[in-house]
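The chain contents come next:
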Amino acid sequence: MTFRTLDTADLAGKRALVRVDFNVPVDGGKVADDTRLRSALPTIQYLAKQGAKVVLLAHFDRPKGKVVPEMSLAFVAAPLAALLGAPVAFAGDCVGPEATKVVDGLENGGVALLENVRFHAGEEKNDPEFAKALAANGDVYVNDAFSAAHRAHASTEGLAKLLPAYPGLSMQRELEALDAALGNPKKPVIGIVGGSKVSTKLDLLNNLVAKLDRLAIGGGMANTFLFAQGHDVGGSLCEKDLADTAREIMEKAKAAGCELLLPVDVVVAKKVAPGVETAVRSLGEVQADDLILDAGPESAKRLLAAMDQSLTLIWNGPLGVFEVPPFDEATVAAAKHAALLAKSGKIVAVAGGGDTVAALNHAGVSADFTFVSTAGGAFLEWMEGKTLPGVAALES
């Protein structure tokens, strides 16, 4: 994957159309979590410092091509300005005279935020005419929204065909980290895939077993594999109708030389609740009314040893019901060990997906991983080996 980087761009006096992800959580009409605003700051500040006129494009919520006043991006301008320590002009439309007037009023280094691109039906349809209308207010295009890169929309893909296109600094960092994890990784590579259902991660599992040296499967989805091997999983979450599919994945892994790490012992309880009585069971001891809620200590120990033998780790999904202690023990142990290895330079550790980020934050180790992606859908599709339109459009 090759793409032009911003440090090669002539930016002084140019209008830089920057696609950002400002689809932020809201509480009482205010930004409840400014993580996405902060992640855009390095690119905005770099462009401003180079003397560009920075014009931000973003979506918010799902207005479905209509103007929905409560889905306006206007409320983002003030908190963004506070973070930047500089004014942010706001335009009540992302195309047409209103947008042009605000953009033309910018000085070099100035920043403007345009209204929700999804107020226009042409955005999600990737309509060429709408893309042209957006491009009219720019000289260069910068995509800094990896989290929206799996969508072929006008502001994520169409624009890149009309203007010189570059990844923003956050996007570039994400692409480099992902390439180091799965594109051109240091081997051996180990993957951890958890979560509740196999059915939601079939494409992911089929792609990974063909690429990894080892793959640990945890969470509720591990129960389906254990059941497929003939083990009783009691009353646990299990997609029994996918047993044949699980066996096919196991065969595919074997043929590709990918070692599958499934639990060898499990933590069970009669219900999911804090402080309930728990037990560690070997695979042959699970009782009819047992719920498997975490990987057992032997399973965790085996996973940590496998990490020690690896140079790259890619992680998506927790190993148990980590939100309800004590069913967080395997996930926390694995997260802390991976973080320790990454911090000491022994492994490249890349993780992503909403539950995974929450689990790493729960373990207090997110900052020690090599890279943690907050891009849910885009990260998953990339792990599945799919082409992301917003990324492909940037390739030079």
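Note that the coordinates shown come from a computational prediction; the quantities given were computed from them, not determined experimentally.

### Re the pattern of salt bridges
Part 1: Tallying each qualifying case throughout the model produces 15 salt bridges.
Part 2: Between Arg36 and Asp21 there is a salt bridge whose closest N-O contact spans 3.3 Å. In this pair, Arg36 is assigned in helix 1 (residues 35–49) and Asp21 in the loop between strand 1 (15–19) and strand 2 (26–27), connecting sequence segments 15 residues apart.
Part 3: Looking at Arg36, the relative accessible area reads 27%, which means it is partly exposed.
Part 4: What you see here is one network of salt bridges that share partners, running through Lys270, Arg281, Asp289 and Asp290.

### Thoughts on helix 14 (residues 376–383)
Part 1: All of the buried residues in helix 14 are Ala378, Phe379, Trp382 and Met383. For helix 14, the arc enclosing every buried residue in end-on projection is 135°, short of the 170-degree limit, so these residues lie on one face.
Part 2: Those residues of helix 14 that are buried are in contact with helix 7 (169–183), helix 8 (202–209), strand 15 (312–316), strand 16 (348–352) and strand 17 (371–373).

### As for the UniProt feature "binding site: substrate" (unreviewed entry) in the protein
Part 1: Here, the residues flagged by UniProt with the feature "binding site: substrate" (unreviewed entry) are Asp21, Phe22, Asn23, Arg36, His59, Phe60, Asp61, Arg62, Arg118 and Arg151. Here the residues from the annotation list that line the largest pocket are Asp21 and Arg36.
Part 2: Position of His59 relative to the elements: it lies in the loop between strand 4 (53–57) and helix 2 (74–84).
Part 3: Apart from the residues lying within four places of it in its own chain, the contact partners of His59 are Arg19, Asp21, Phe22, Asn23, Leu73, Asn116, Val117 and Arg118.
Part 4: Within the structure, His59 has its side chain in polar contact with the side chain of Arg19 (distance 3.0 Å).
Part 5: Residue position: Phe60 is located in the loop between strand 4 and helix 2.
Part 6: Owing to a relative accessible area of 7%, Phe60 belongs among the buried residues under this scheme.
Part 7: Not counting residues up to four positions away in its chain, the partners in contact with Phe60 are Phe22, Asn23, Val24, Val26, Glu70, Met71, Ser72, Leu73, Phe75 and Asn116.

### Side note on the side chain of Arg214
Part 1: With respect to the secondary-structure elements, Arg214 resides in strand 10 (residues 214–217).
Part 2: Among the polar contacts listed, one links the side chain of Arg214 to the side chain of Glu259, at a separation of 3.0 Å.
Part 3: Within the structure, the side chain of Arg214 is placed 2.8 Å from the side chain of Gln309, a separation counted as a polar contact.

### Overview of the packing of helix 1 against helix 2
Part 1: Where helix 1 contacts helix 2, the two axes come as close as 10 Å, and the packing angle between them is 60°. In this view, helix 1 runs oblique relative to helix 2, as classed from their interaxial angle. Crossing of helix 1 against helix 2: the hand is right-handed. Residue-level contacts link Leu37, Arg38, Leu41, Ile44 and Gln45 of helix 1 to Val76, Pro79, Leu80, Leu83 and Leu84 of helix 2.

### Section: the sheet that holds strand 1
Part 1: Spatial ordering of the open sheet is given by 5-6-4-1-7-8, a layout of 6 strands whose pairing is parallel. Each edge of the open sheet is held by one strand with a lone partner, namely strand 5 (88–91) and strand 8 (165–167). Adjacent strand axes in the sheet meet at a mean angle of 25°, parallel and antiparallel pairs treated alike.
Part 2: In terms of strand pairing, strand 5 meets strand 6 (residues 111–114) through 4 bridges, oriented parallel. Bridged to Ala91 within strand 6 is Leu114.

What counts, and where the lines are drawn
- Residues numbered from 1 in each chain as written.
- Predicted model: local features only at pLDDT ≥ 70, side-chain atom pairs only at ≥ 80, totals over all residues.
- Heavy atoms only, no water.
- Salt bridge = Lys/Arg side-chain N within 4 Å of Asp/Glu carboxyl O.
- Helix = DSSP H or I, 4+ residues; strand = E, 2+ residues; numbered from the N terminus.
- Buried < 20%, exposed > 50% of the residue type's maximum accessible area, 1.4 Å probe, protein only.
- Arc of directions from axis to C-beta.
- Contact = heavy atoms within 4.5 Å.
- UniProt positions renumbered as here; feature names shortened; annotations may be inferred.
- 1 Å grid on protein atoms, 1.4 Å probe; cavity = no way out; pocket = protein on both sides within 12 Å on 5 of 7 lines; lining within 4 Å.
- Polar contact = N/O pair within 3.5 Å; in protein donor to acceptor, adjacent residues only side chain to side chain.
- Axes fitted to C-alpha atoms, helices over the stretch in contact; angles between N-to-C directions.
- Parallel < 35°, antiparallel > 145°, perpendicular 65-115°, else oblique.
- Left-handed = near helix turned anticlockwise from the far one by under 90°.
- Pairing = 2+ DSSP bridges.

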